[in-house]
Amino acid sequence: MPPSASFQPLPAPAPEPPRLVGVEVEFMGPSARHAARALAAGVGGEVVAEDAHAFAVRGSALGDLAVELDLRYAHPQRHGKTLPVRIGPKAAAGLGWLVSGAVPRELIVPPLPVERLAEVDRILGLLRTAGAHGRGATLFGSLGLHFNIDAPAADLRRITAVMLAFGLMEAGLRREIAQGQPRLERHLPPPYPPDFLHRIAAPGYRPDQAGLVDDYLAANPTRDRGLDLLPLLLGLDPARVRAKLPYEKIAARPVFHYRLPQAHPGDAGWSIAADWSRWVAVERLAADEERLAAAARAYRAGDEAWGDGSGLVDAALPS
């Protein structure tokens, strides 16, 4: 981990228990079994197989880790009725071996306090030593870095504010993450549709739970978004979400699933800290009601003060 890497705290608009952050990092290279063994050798724990392509590292220094092939058909026992086509364990194992050269593995780190996120960088170093590689994207999509940040599930106003702040900043975030490389930008998740962003940026937009779920699903009937709210909304109203998306790969979790960043595990100096700071910038804007309202007005008016959201990213980044 670079010595300068630091992890900024989340803003706290009101006194609340510390919020935890889960991390998912995709990588190419070693098999899930080999990667799990490398982690256990470095941070302790017992390697336990769930199937041919999914392994847990139980009792590590960071809690229970998991490494698995990022393909739900390789793990049919886990996904039940959400798989449109059911296959057996042997077929799933064979399919996993067949596509393992093209489909990433995923490291899943359990929820940690923000001050422990630097430890994720350290275990990524273990995976790099074990042969993990990749720089932002594969031939078929982003190489994902996902943060699962505890969300105030009972506070619709804060959820709406975070959703809006992300939408207003998304264009600027996308440009920073893609680093001016068309190859990386091409594989980023599609942005929130302009009509949806225009709607939620309207003055006085304060939906009730049903309205928030309906508005989001109408515009974003997919988990393929930079800020995916489906896990959070599934927990709030499972019937509504599953009526619209019976087969989507979603697990109900009270989190903001921030999946816009891209992983660069093949770069020796890469840290997750910069992308974490960008998320903190989103929450800083969401917590500042006056700045958020002004940015929303500028966006709806097509004002140069909004631009493409880049200024919001720069202004909200922690110093």
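The structure under discussion appears in the preceding block.
Residues numbered from 1 in each chain as written. Predicted model: local features only at pLDDT ≥ 70, side-chain atom pairs only at ≥ 80, totals over all residues. Heavy atoms only, no water.

(A) Summary view of unusual backbone geometry. The phi angle at glutamine 179 is positive, at roughly 55 degrees, despite the residue not being glycine. Assignment of secondary structure puts glutamine 179 in the loop between α5 (156-178) and α6 (182-186). (Helix = DSSP H or I, 4+ residues; strand = E, 2+ residues; numbered from the N terminus.)

(B) Summary view of the sheet that holds strand β1 (residues 20-27). Overall, antiparallel pairing links the eight strands, which are arranged β2-β3-β4-β5-β1-β6-β8-β7 in an open sheet. Pairing within the sheet leaves two strands with one partner each, and these edge strands are β2 (46-51) and β7 (227-228). Those strands touched by helix α1 (residues 32-43) are β1, β2, β3 (54-60), β4 (63-69) and β5 (105-113), and its axis lies near 160 degrees from that of β4. Sitting on the sheet, helix α11 (residues 273-287) touches β1, β6 (145-150), β7 and β8 (255-258), and the angle it makes with β6 is about 40 degrees. (Pairing = 2+ DSSP bridges. Contact = heavy atoms within 4.5 Å. Axes fitted to C-alpha atoms, helices over the stretch in contact; angles between N-to-C directions.)

(C) Expanded view of the environment of leucine 10. With respect to the helices, strands and loops of the structure, leucine 10 is situated in the segment before β1. The spacing of leucine 10 and valine 114 is 104 residues in sequence and 8.0 Å in space, taken between C-alpha atoms. Aside from chain neighbours lying at most four places away, what touches leucine 10 is Arg19, Val114, Ile149, Trp276, Trp279, Val280 and Glu283.

(D) Main features of α11. In this model α11 runs 21 Å from its N-terminal to its C-terminal C-alpha over 15 residues, within 8% of the 21 Å that 1.5 Å per residue would give. Within α11, twelve of the 15 residues are buried, which leaves the element mostly enclosed by the surrounding structure. Here α11 has its buried residues at Ala273, Asp275, Trp276, Ser277, Arg278, Trp279, Val280, Ala281, Val282, Glu283, Leu285 and Ala286. (Expected span 1.5 Å × (residues − 1). Buried < 20%, exposed > 50% of the residue type's maximum accessible area, 1.4 Å probe, protein only.)

Geometric values such as these leave the question of function open.
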